[in-house]
Amino acid sequence: MDLDVVNMFVIAGGTLAIPILAFVASFLLWPSALIRIYYWYWRRTLGMQVRYVHHEDYQFCYSFRGRPGQRPSILMLHGFSAHKDMWLSVVKFLPKNLHLICVDMPGHEGTTRSSLDDLSIDGQVKRIHQFVECLKLNKKPFHLVGTSMGGHVAGVYAAYYPSDVCSLSLVCPAGLQCSSDNQFIQRLRELQKSAAMEKIPLIPSTPEEMSEMLQLCSYVRFKVPQQLLQGLVDVRIPHNNFYRKLFLEITSEKSRYCLHQNMGKIKVPTQIIWGKQDQVLDVSGADVLAKSIANCQVELLENCGHSVVMERPRKTAKLIVDFFASLYNTDNKKLD
């Protein structure tokens, strides 16, 4: 540390040293707590407010910014084992005059987790429809965005409830049947045959497995400190049994290709965003959708893996805004 900085602490009577030392201690001893503080801080900074709404005895947790206006509201569905805050990196680059809603998917974060809940894709679609009706979001058709598992749910939702949705953005969605399996899918099939599904690559239980998952999901090789990896694992471990149950449900015969089976029913303008180097869900899925959805445009991102939202948040936001503006900005009002 520079001597001038040390002198500053001494002159200031050490008043700054206490919070800094507390931060360092928290990072070393309680990294999971820091991760929660991080999300709280960014929600506050970006003006995202957290709310709860109930359908009978079922609770949904969501964050929002803005109010319904002339333009459609935007509902965003996160991926497997994530939560509503995964969208914050994209929200940062979205215009503040849009009405945004990010919901915790069934069983995730602040939304009810029940052993009786139907976690199939159909079951999740029905739950999201309940959420939409609780907020009366479908009084006017809205723009629906989903990534990975959330993209699977979003696409099927648009097929099942066409009057609710006016347009759709699918970011590397699951649920499609491609001509050939990539290495990840082949590995899953091997695990299924050997009955070793406790070793699902997307459900890490050690810092090493977390590092491997990040490498699987990202083209960019993030240098993540060991303590932060431990914190990410600590946050997930209490939920791993649920994640395992959910994963087995959404990859079951009933749910695996639900989007593929219903994509021909999607009639709204649709945008597909996919990382060319996706190792989890093959990028050829974009072409599958483009051939089945009449009004569909595809955006393929170079040097980008499955975690498009994390790797390319600014680009993702720009693509969504440009697509949105091309559909709803006929009055030339600025999106800012």
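Preceding block: the structure.
Note that the structure is predicted; figures quoted are calculated from it, not measured.

Peer 1: Tell me about the overall build of the chain, and please be specific about residues and values.
Peer 2: Per the secondary structure count, the chain includes 14 helices and 8 strands. Among the 336 residues that make up the chain, the fraction classed as buried is 49%. Put simply, 73% of the contacts in the chain that link residues at least 6 apart link residues at least 24 apart. For the chain, the accessible area works out to roughly 16700 Å², and carbon and sulfur atoms hold 55% of it.

Peer 1: Residue-level account of the layout of surface pockets, with values.
Peer 2: By volume, the second largest pocket amounts to about 330 Å³. Every residue lining the second largest pocket is counted, 17 residues in all, and those nearest its centre are Arg187, Ile200, Pro201, Glu212 and Leu216. When contributions to the lining of the second largest pocket are tallied by element, the ones reaching two or more residues are helix H7 (183-193), helix H8 (207-217) and helix H10 (240-250). If one sorts the elements of the lining of the second largest pocket by residue count, H8 sits on top with 4 residues. For the lining of the second largest pocket, the residue count by class is 7 nonpolar, 4 polar and 6 charged.

Peer 1: Provide a residue-level description of the sheet that holds strand E8 (residues 296-301), including the pertinent values.
Peer 2: Reading across the sheet, the 8 strands line up as E1-E2-E4-E3-E5-E6-E7-E8 and stay open at both edges, with mixed pairing between neighbours. The outermost strands of the open sheet, each flanked by one partner alone, are strand E1 (49-55) and E8. The average angle at which neighbouring strand axes cross in this sheet is 20 degrees, direction not considered. Sheet topology note: the strand E3 (residues 74-77)/strand E5 (residues 142-147) ladder contains 4 bridges and is parallel. Bridging from a neighbouring strand, Leu77 pairs with Gly146 of E5.

Peer 1: Explain the pattern of salt bridges to me, and be specific about the residues and the numbers.
Peer 2: A side chain of one charge can pair with a side chain of the opposite charge if their charged atoms are brought near each other. Following the criterion strictly, the structure yields 8 salt bridges and no others. For Asp118, the salt bridge goes to Lys254, with nearest N and O atoms at 4.0 Å. On the criterion of sequence distance, the pair formed by Asp118 in the loop between strand E4 (100-103) and helix H5 (121-135) and Lys254 in the loop between H10 and helix H11 (258-262) is long-range, its members being 136 residues apart. Classification of Asp118 as partly exposed rests on a relative accessible area of 32%. Notably, a salt bridge pairs Glu209 with Lys199, separated by 3.9 Å at the nearest N-O pair. Of this pair, Glu209 sits in helix H8 while Lys199 is found in the loop between H7 and H8, placing the two residues 10 residues apart along the sequence. Taking relative accessible area as the criterion, Glu209 reaches 23% and is therefore assigned partly exposed.

Quick notes on the rules
- Residues numbered from 1 in each chain as written.
- Predicted model: local features only at pLDDT ≥ 70, side-chain atom pairs only at ≥ 80, totals over all residues.
- Heavy atoms only, no water.
- Helix = DSSP H or I, 4+ residues; strand = E, 2+ residues; numbered from the N terminus.
- Buried < 20%, exposed > 50% of the residue type's maximum accessible area, 1.4 Å probe, protein only.
- Contact = heavy atoms within 4.5 Å.
- Areas by Shrake-Rupley, 256 points an atom, 1.4 Å probe, with all protein chains shown as cover.
- 1 Å grid on protein atoms, 1.4 Å probe; cavity = no way out; pocket = protein on both sides within 12 Å on 5 of 7 lines; lining within 4 Å.
- Points joined across faces, edges and corners; volume = space filled by probe spheres on them.
- Nonpolar A, V, L, I, M, F, W, Y, C, P; charged D, E, K, R; others polar.
- Pairing = 2+ DSSP bridges.
- Axes fitted to C-alpha atoms, helices over the stretch in contact; angles between N-to-C directions.
- Salt bridge = Lys/Arg side-chain N within 4 Å of Asp/Glu carboxyl O.

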